[in-house]
Amino acid sequence: MLIKRKSIEKEESSRPARKPKYAPVTLSEQEGVRYLHFGTEWVQGAMRIRKPNWPELEYAQQMMAWMLWLPQPRHIAQLGLGTATLTKFCYTSFPQASVTAVELNPAVITICESMFKLPPNDARLQVLEMDALDYVNDPANAGTLDALQVDLYDATARGPVLDTAEFYQACANCLNDDGIMTVNLFGDHPSYARNTKAIKFAFAQVICLPPVHDGNVIAIAFKRQRTIDLEALKLRAAEIVAATKLPAKSWVKGLAAA
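Residues numbered from 1 in each chain as written. Predicted model: local features only at pLDDT ≥ 70, side-chain atom pairs only at ≥ 80, totals over all residues. Heavy atoms only, no water.

Under an unreviewed UniProt entry, the name given to the protein is Spermidine synthase, and the source organism is Duganella qianjiadongensis.

This is the structure we're talking about:
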């Protein structure tokens, strides 16, 4: 019996690893906006066709709230490519910065290149086909990021697919001492409390902006404790509005409410 069992294990280990199964990548368009779906009605990202580098959805704009504290980032990363909204905006808005995007599903990368104006990789841009968990656990990435944007949802789009304290601790380890992480959460769902608890375990300070109309809640997590100087942030928000047209003044109002 032992010999037979060993032979079975050997046979199984020699089989090629199965490729993971992904939900189908589908598109829709309405009123000049192209949407990405994973085979369901849930929107995974959007692009206004005439403004391909603009963050169309409000929650995506709020994911840039780290700009209030980090005016000149050197390395920005996104976990979850979506429609490449954050990747494109960071790439075009911060010409001095390196931008890395991590996406597990190769079909998402392909559709972003063909339908969402994702530029090719170059000296500043890296789109990596890999598991976000592997990326944050890679010792080579420790302390390398100024800003990390986490938007990891499956086809049901109701809760992040990575949500443990260990995952968020690995995210924190990728940031430098002044680093900031933003995370897209879904406020009206059991996953919200679980994620906020895990993020607070891993980060020195966490602030959640008020939910947007679709129910998304953006958590801002700081590697180190910061004083929230609302007057200084208002001045910085005005600079952001002038430079990018992002609604940064509303972020400061959200911070004051939080």
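Let's talk about the environment of Gln44
Here Gln44 lies in the loop between β2 (33-37) and β3 (45-48). It is 7.8 Å that separates the C-alpha atoms of Gln44 and Tyr153, two residues lying 109 residues apart in sequence. (Helix = DSSP H or I, 4+ residues; strand = E, 2+ residues; numbered from the N terminus.)

Let's talk about helix α3 (residues 85-93)
Across the nine residues of α3, seven count as buried, placing the element largely inside the fold. Residues of α3 that are buried include every one of Thr85, Leu86, Thr87, Lys88, Phe89, Cys90 and Tyr91, and no others. (Buried < 20%, exposed > 50% of the residue type's maximum accessible area, 1.4 Å probe, protein only.)

Overview of the nonpolar core
If you look at the biggest cluster of nonpolar residues, it comprises 53 residues, and the most contacted ones within it are Met64, Trp66, Leu68 and Leu81. Of all hydrophobic cores here, the second largest spans 28 residues; its members include Leu79, Ala132, Cys174 and Leu175. (Core = buried A, V, L, I, M, F, W, Y, C linked by side-chain atoms within 4.5 Å.)

Notes on the pattern of salt bridges
What the rule picks out here adds up to seven salt bridges. Among the salt bridges present, the one from Arg48 reaches Glu56, with a minimum N-O distance of 2.9 Å. Residue classification places Arg48 among the partly exposed positions, given a relative accessible area of 28%. A salt bridge links Glu239 to Arg236, with the nearest nitrogen and oxygen atoms 3.2 Å apart. (Salt bridge = Lys/Arg side-chain N within 4 Å of Asp/Glu carboxyl O.)

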